[in-house]
Amino acid sequence: MTTDVHSERRSTEHEIELAITGMTCASCAMRVERKLNKLDGVTATVNYATEKARVSYPEGVSPERLVEQVEAAGYGASIPREPEQRDDEAEPADETLGLRRRLIGSLVLSVPVIALAMIPPLQFEYWQWASLVLASPVVVWAAWPFHRAALTNLRHGAATMDTLVSMGTLAAYLWSLYALFLGEAGIPGMTHPFELTIERTDGSATIYLEVAAGVTTFILAGRYFEARAKRRAGSALRALLELGAKDVGVLRGGRETRIPVEHLAVGDRFVVRPGEKIATDGVVEEGGSAVDQSMLTGESVPVEVGVGDAVVGATVNAGGRLVVRATRVGSQTQLAQMAKLVEDAQTGKAAVQRLADRISAVFVPIVIALAVGTLAFWLGAGASASAAFTAAVAVLIIACPCALGLATPTALLVGTGRGAQRGILIKGPEVLESTRRVDTVVLDKTGTVTTGTMALVDVHTADGVDVSDALRLAGAVEHASEHPIARAIARGAEEKVGSLPPVREFAAVEGLGVHGIVDGHAVVAGREALLERWSLPLPAALAEVKADAERQGRTAVAVGWDGEARAVLVVADTVKPTSAEAVRRLRELGLHPVLLTGDNEAVARSVAADVGIDEVIAEVLPKDKVDVVRRLQEQGRVVAMVGDGVNDAAALAQADLGLSMGTGTDVAIEAGDLTLVRGDLTAAADAIRLSRRTLRTIKGNLFWAFAYNVAALPLAAAGLLNPMLAGAAMAFSSVFVVSNSLRLRTFR
């Protein structure tokens, strides 16, 4: 009954992604999130780095209502349009351009102001008034984004990091105006030295224009580099979206017509010439070619495709002309799904991010209280108003926890983007938490450790029989059959002896094998029972070979011609060439590998021995795989599961960390936490290494950002930190966090 209620509730729940504007820090994101979550039944996650809100909402709430709620918090929101609804408008303006203009203007005007304040020999007769003229545009125009955000927050009874910046710079500027117009600072010839410590002097003779201008410049620089890093970190997603073809030649009424790829429909037949990108996912209906799938798999060797083979949009036709029937278009294509996975991962939040958001939300009011307390303390202790004011402003400036808000999103953006480039799609940031704790990795055998397709692995012949003759005759008769084992033998024979002769009078005996005439020889291939029908008993040596192959779980095909049984061909699902290396790497990461399969024990043990796995769980029914994972978890293990089939989906979802092979089924990919696009098990080790490194980077960022704030606040409150140096240091901490995150781009 409970399950029905839950599934009913899920079915009436919708999900939308809103584009949020006007956010300037992690505290803003926290406010928008809280505002949305106040609506009944609404669950929202807002990410400051991507400026997006992922919202789950019930039937009774409309998207427009969500937008209104965001606007009520003082921010903008818009409902994204579907790709097919978008016109060919220009890309939205780069937000870094406006910041760069303000930064350059601020820098040009601030440098002389700071130089005049810091170098007493430069202080000419009316230097203080020149400083006011130069600093005013910086405080009013360049710092306007901070003031505007602070005003918006004030209207809604909130305080964010922008409140700190605005209060700090305006306090320094207004004090300077007071000192110039009503105090003694405006007297011609006034000078004051640049000092880092408190001087108990009359504050009316001291101006802080260099603080107001310098802090604005440093923080603008931090914001500019942050915005640029966000843009660069998100470039993997943009690159994915730009990989697709722009137009396509569609066959309609027997004629080829060029149309934009957005107008392509499922069922349309389109032409792909050599060198062209395949417009969308489809099935080859005419022609054969080699397709460069390196975009999708990371593999540089082109894949041969022919009639009936599936091809993926945005891969490149490296050979002949193909006619393809579209099977998936628009947001359903594999490329679009990949882009969606990357975007989903970048919009979500890890538990460490929620911690940072909570700290930011509490931190700002505490800092304002601390600044007021500092001012009161120094005034009460008999220090000059100037000294007390300097210490209070330094507290406001040093405390800006911008780096704290950047710590997680930048690392997530860069880590997931780098993963996408390496063929590793991280579905959600909470996945990173799981990778740290995993100690056991369960590997599905078929399609994960092995190729999942039958291949010819061994040829045994009777005395005096040439191996190439056996392959040529058996391959020729099997080539006429559609059976997977027959196809494996034919393919293996072609690889070893070249083109196969034609077969005459071919016939298939259901469940037993095939026979026909090849080069004048009557050839029989299949089960031992079929050869016995033709009075072709197996010699003792070949019978032993056959029995040994079957003990290992392999398939043995007996072959006879001209009145005698002359060969046994062994067919099996082959181990992927990279699987042994992958298992070794997983062990190096401290993981215990377990092989899980529905095959018999002998097959499983043989494969496990080939790749170096000790623990094997065999003969497991598809529906029981999830129970195996659960049982391991009950033993106290933290389990990662790697699989590729529909029958692995439940186990992937049950595991603490699900890694699905990108070459597998859509169901498996949907159920996994990480998708390995290459279908290569070594990518599993890479994915866990990348996830762990991203998590380490996030934690390192958080430590340095928070430790920095905590360590610097007492210095500022003690009056040992000049406000301008405080601003520079604060901006540096943001740049440090962003730079540390960008190191993930070098992941190999």
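Check the entry above for the structure.
About the thresholds
- Residues numbered from 1 in each chain as written.
- Predicted model: local features only at pLDDT ≥ 70, side-chain atom pairs only at ≥ 80, totals over all residues.
- Heavy atoms only, no water.
- Salt bridge = Lys/Arg side-chain N within 4 Å of Asp/Glu carboxyl O.
- Buried < 20%, exposed > 50% of the residue type's maximum accessible area, 1.4 Å probe, protein only.
- Helix = DSSP H or I, 4+ residues; strand = E, 2+ residues; numbered from the N terminus.
- Pairing = 2+ DSSP bridges.
- Axes fitted to C-alpha atoms, helices over the stretch in contact; angles between N-to-C directions.
- Contact = heavy atoms within 4.5 Å.
- Core = buried A, V, L, I, M, F, W, Y, C linked by side-chain atoms within 4.5 Å.
- Parallel < 35°, antiparallel > 145°, perpendicular 65-115°, else oblique.
- Left-handed = near helix turned anticlockwise from the far one by under 90°.

1. Here we look at the pattern of salt bridges
- Under the criterion given, the structure shown has 26 salt bridges.
- Measuring nitrogen to oxygen at the nearest pair gives 3.9 Å for the salt bridge that ties arginine 258 to glutamate 256.
- The class of arginine 258 is partly exposed, set by a relative accessible area of 42%.
- One salt bridge connects aspartate 469 with arginine 472, and the closest N-O pair in it is separated by 3.6 Å. Linking aspartate 469 with arginine 472, this pair stays in helix H17 (residues 467-479), spanning three residues, or about one helical turn.
- The exposure class assigned to aspartate 469 is partly exposed, which follows from its relative accessible area of 31%.
- With a relative accessible area of 25%, arginine 472 lands in the partly exposed category.
- Members of the salt-bridge network, linked through shared partners, are Glu581, Arg584, Arg585, Glu588, Asp686 and Arg689.

2. So, the sheet that holds strand S14 (residues 424-426)
- In space, the seven strands of this open sheet follow the order S14-S26-S25-S24-S15-S22-S23, with mixed pairing throughout. Single-partner strands in this sheet number two, and they are S14 and strand S23 (615-617). On average, each strand axis in the sheet is tilted by 20° relative to the strand beside it, whichever way the strands run.
- Note that strand S15 (residues 440-444) and strand S22 (residues 592-596) share five bridges and pair parallel. Bridge assignment links aspartate 444 to a residue of S22, and that residue is leucine 596.
- Helix-sheet contacts for helix H23 (residues 625-634) involve S15, S22, S23 and strand S24 (639-643), and the interaxial angle to S24 is about 160°.

3. Some remarks on the nonpolar core
- Among the nonpolar cores identified, the biggest contains 49 residues, and Leu443, Leu595, Val642, Leu657, Leu659, Leu674 and Leu676 are the most heavily contacted of them.
- Broken down by element, the residue count for this core peaks at ten residues, all from helix H26 (residues 682-717).
- Judged by nonpolar contacts, the second largest core, of 39 residues, contains Ala493, Leu536, Val557 and Val559.

4. Some words on the packing of helix H21 (residues 579-588) against H26
- Look at H21 against H26: their axes get within 7 Å of each other, and the N-to-C directions meet at 25°. Comparing the axis directions of H21 and H26 gives the class roughly parallel. Remark: the crossing between H21 and H26 carries left-handed chirality. Where H21 abuts H26, its residues Glu581, Ala582, Arg585 and Leu586 lie against Thr682, Ala684, Ala685, Asp686 and Ile688.

5. Quick notes on the sheet that holds strand S11 (residues 310-311)
- Read from one edge of the open sheet, six strands run S6-S5-S7-S13-S8-S11, paired in antiparallel fashion. On the outer flanks of this sheet lie strand S6 (255-260) and S11, each paired with one strand and no other.
- Pairing of strand S7 (residues 269-272) with strand S13 (residues 322-328), which is carried by four bridges, proceeds in the antiparallel orientation. Considered in S13, the bridge of phenylalanine 270 is made with valine 324.

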